[in-house]
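An overview of the molecular structure
What follows is the residue order along each chain.
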Amino acid sequence: MSKDTHPVPGDGVPVTVVIPDEPPIGISSDNESEVSDVFVCQLVIRMKPVIRLDANLLGILILSRGKCGLSICITRYLVTMATADLLVIFTEVILRQINKFFFPISFLLITPVCSVRYILIRASTDCSVWFTVTFSFDRFVAICWPKLKTKYCTGETASLVLATTAILLCLKNIPYYFTFEPGRIIDNVPWFCYPKLNCYTDPGWVAFNWLDTIITPLLPFIFILLLNALTVRHILLTSEARKRLKGQNQGNNHSDPEMESRKRSLVLLFTISGSFILLWLVHVAEFLYYNMTGADYSDYTVSEYTFEQAGVLLLSLNCCTNTFIYVMTQSKFREQVKNALTFPISSVIQLMRNKN
């Protein structure tokens, strides 16, 4: 059984990122410190969504106003990325992790419902990942292909690319609905979602599962690294050529507004894509280790389980980092955040003054 389809005890829904309700068999339940560490790790993972939810909502509201000095094209990518991250928090963290933690039995565990929930989890995660790829490609075109920039880097093209990507990713995950069967039948109502056994032996399903794994996260990982490398190479070559043309290699210091603008664009691009790579790196490494060594998840040692859970923790952080990146790299965004945070206080003060 591949780990991305491992049924979760008490839930029955196999998930892309496995967070078991109980320590793996390899972790002794007699060791209180180990069990305590596992519980704290799971609790921290499940209780972070409030911060991430607020951060993404704040980012969406501020970016949607269009007062951050960004082009319409970039704004649409960033808003859509934040929305996808918000959907990941809602489907994976709130509907699955928190619901299972506080409401172990609910209507969400009815087989058709949890099957749809699983598709939503996978689709939202795929969209969050691939929207980052589309944004990286848009910036690659804008920097490396100036002639194509005027046609491709527009708000209409961005909307078309994002909508097409979302539709294709949703369609790609629909077959997973047919991979589940009820774990129990209670009063003629099917409960829980357990993978059908033929999903692990049928060549078609095995091929589909591997194709899905390649699509997310291996291909995005490769594409982002490749696009960033090509972008850096182009910038270095262009910078040297412009310096020679302007005579800066003879010691003249002339400002170059175009290069300064490109540098600001690169800072935003590399911080977003770099954050994605770093936060997914542990999960990808653990995924490759699991599949290449043929390890059994139930036999994980404490170190292996800790490494796997560290990947889960970093993945969950990926849903809120973009807003903080905007704050660090965009001065106008920081100004809008400051205004949004101080608006309630200033409104109360103004109201009190008016009454006096």
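Described in the following lines is the structure provided in the data block.

Let us look at the packing of aromatic side chains. For the structure on display, the rule yields 12 aromatic pairs. Ring geometry for tyrosine 118 and phenylalanine 180: centres 5.2 Å apart, planes at 85°, overall edge-to-face. Remark: phenylalanine 180 occurs in strand S1 (residues 180-181) and tyrosine 118 occurs in helix H4 (residues 111-144); sequence separation between them is 62 residues. Residue phenylalanine 180 is classed as buried on the basis of its relative accessible area of 8%. Seen from their ring centres, tryptophan 130 and phenylalanine 223 are 6.0 Å apart, and the 70° between their planes marks the pair as edge-to-face. Linking tryptophan 130 in helix H4 with phenylalanine 223 in helix H7 (residues 203-246), this pair joins segments that are 93 residues apart in sequence. Here tryptophan 130 falls in the buried class, since its relative accessible area comes to 14%. Given a relative accessible area of 34%, phenylalanine 223 falls into the partly exposed group.

Next up on the list: the packing of H4 against helix H6 (residues 155-173). To characterise two packed helices, one gives the angle between the axes of the helices and the distance between these axes. Relative to each other, H4 and H6 sit at 145°, their axes nearing to 9 Å. Handedness of the H4/H6 crossing: right-handed. Contact residues: H4 offers Ile119, Arg122, Ala123, Asp126, Cys127, Trp130, Phe131 and Thr134, while H6 offers Val161, Leu162, Thr165, Ala166, Leu169, Cys170, Lys172 and Asn173. Residues of the contact of H4 with H6, tallied by class, amount to 10 nonpolar, three polar and three charged.

Here we take up the state of the cysteines. For the structure on display, the rule yields one disulfide. The disulfide that involves cysteine 114 links it to cysteine 193, with 1.9 Å between the sulfurs. On the S-S bond that ties cysteine 114 to cysteine 193, the torsion sits near 95°, and the link is right-handed. With cysteine 114 in helix H4 and cysteine 193 in the loop between strand S3 (189-191) and strand S4 (194-195), the pair connects residues that are 79 residues apart, well separated along the chain. Here cysteine 170 is not cross-linked by a disulfide; its sulfur's nearest cysteine counterpart is in cysteine 127, at 5.1 Å.

So, about the side chain of serine 128. Counting through the fold element by element, serine 128 comes out in helix H4. Owing to a relative accessible area of 7%, serine 128 belongs among the buried residues under this scheme. Within the structure, the side chain of serine 128 is placed 2.5 Å from the side chain of aspartate 85, a separation counted as a polar contact. The contact partners of serine 128, leaving out residues within four places of it in the chain, are Ala84, Asp85, Val88 and Asn318.

The end-to-end C-alpha separation of helix H11 (residues 331-355) is 35 Å, in line with the 36 Å expected for 25 residues at 1.5 Å each. A bend of about 45° at phenylalanine 343 is the largest found in H11, and the proline proline 344 appears one to four places after it. Where H11 is concerned, the buried positions are Phe333, Gln336 and Val337.

By size, the foremost hydrophobic cluster in this structure holds 48 residues, and its most contacted members are Tyr77, Leu78, Phe135, Leu268 and Ile272. Looking at this core, the elements that each hand over two or more residues are helix H2 (49-64), helix H3 (72-102), H4, H6, H7, helix H8 (257-293), helix H10 (321-329) and H11. Once residues lying within four places of it in the same chain are set aside, the contact partners of tyrosine 77 are Thr134, Phe135, Asp138, Tyr152, Ala158, Val161 and Leu162. Among the nonpolar cores identified, the runner-up in size contains seven residues, and Cys114, Tyr176, Cys193 and Phe208 belong to it.

Another point: helix H9 (residues 302-317). Between its terminal C-alpha atoms H9 stretches 22 Å, which fits the 22 Å expected from 16 residues at 1.5 Å a residue. Residues of H9 that are buried include every one of Tyr305, Glu308, Gln309, Gly311, Val312, Leu315 and Ser316, and no others. Within H9, the buried residues cover an arc of 145° as seen down the axis, which keeps them to one side.

The subject of this paragraph is the environment of valine 116. Its location among the elements puts valine 116 in helix H4. The class of valine 116 is partly exposed, set by a relative accessible area of 39%. For the pair valine 116 and isoleucine 174, spaced 58 residues apart in sequence, the C-alpha separation works out to 8.7 Å.

The next point concerns the packing of H3 against H6. The interhelical angle for the contact between H3 and H6, taken along N-to-C directions, is 25°, at an axis separation of 7 Å. Accordingly, the angle class assigned to the pair H3 and H6 is roughly parallel. Note that H3 runs across H6; the crossing there is right-handed. Across the interface between the two elements, Ile72, Cys73, Arg76, Tyr77 and Thr80 of H3 pack against Gly155, Glu156, Ala158, Ser159, Val161 and Leu162 of H6.

Turning our eyes to something else, we now look at the pattern of salt bridges. According to the stated counting rule, one finds four salt bridges in the structure shown. In this structure, lysine 172 engages aspartate 212 in a salt bridge whose closest nitrogen and oxygen atoms are separated by 2.3 Å. Of the two residues, lysine 172 sits in helix H6 while aspartate 212 sits in helix H7, which places them 40 residues apart along the sequence. We note that lysine 172, like aspartate 212, is buried. Several salt bridges converge on common partners, so that one network encompasses Arg122, Asp126, Lys172 and Asp212.

What counts, and at which threshold
Residues numbered from 1 in each chain as written. Predicted model: local features only at pLDDT ≥ 70, side-chain atom pairs only at ≥ 80, totals over all residues. Heavy atoms only, no water. Phe/Tyr/Trp six-rings, centres within 6.5 Å; stacked < 30°, edge-to-face > 60°. Helix = DSSP H or I, 4+ residues; strand = E, 2+ residues; numbered from the N terminus. Buried < 20%, exposed > 50% of the residue type's maximum accessible area, 1.4 Å probe, protein only. Axes fitted to C-alpha atoms, helices over the stretch in contact; angles between N-to-C directions. Left-handed = near helix turned anticlockwise from the far one by under 90°. Contact = heavy atoms within 4.5 Å. Nonpolar A, V, L, I, M, F, W, Y, C, P; charged D, E, K, R; others polar. Disulfide = S-S within 2.5 Å. Polar contact = N/O pair within 3.5 Å; in protein donor to acceptor, adjacent residues only side chain to side chain. Expected span 1.5 Å × (residues − 1). Bend = angle between axes of the 7 residues up to and from the residue. Core = buried A, V, L, I, M, F, W, Y, C linked by side-chain atoms within 4.5 Å. Arc of directions from axis to C-beta. Parallel < 35°, antiparallel > 145°, perpendicular 65-115°, else oblique. Salt bridge = Lys/Arg side-chain N within 4 Å of Asp/Glu carboxyl O.

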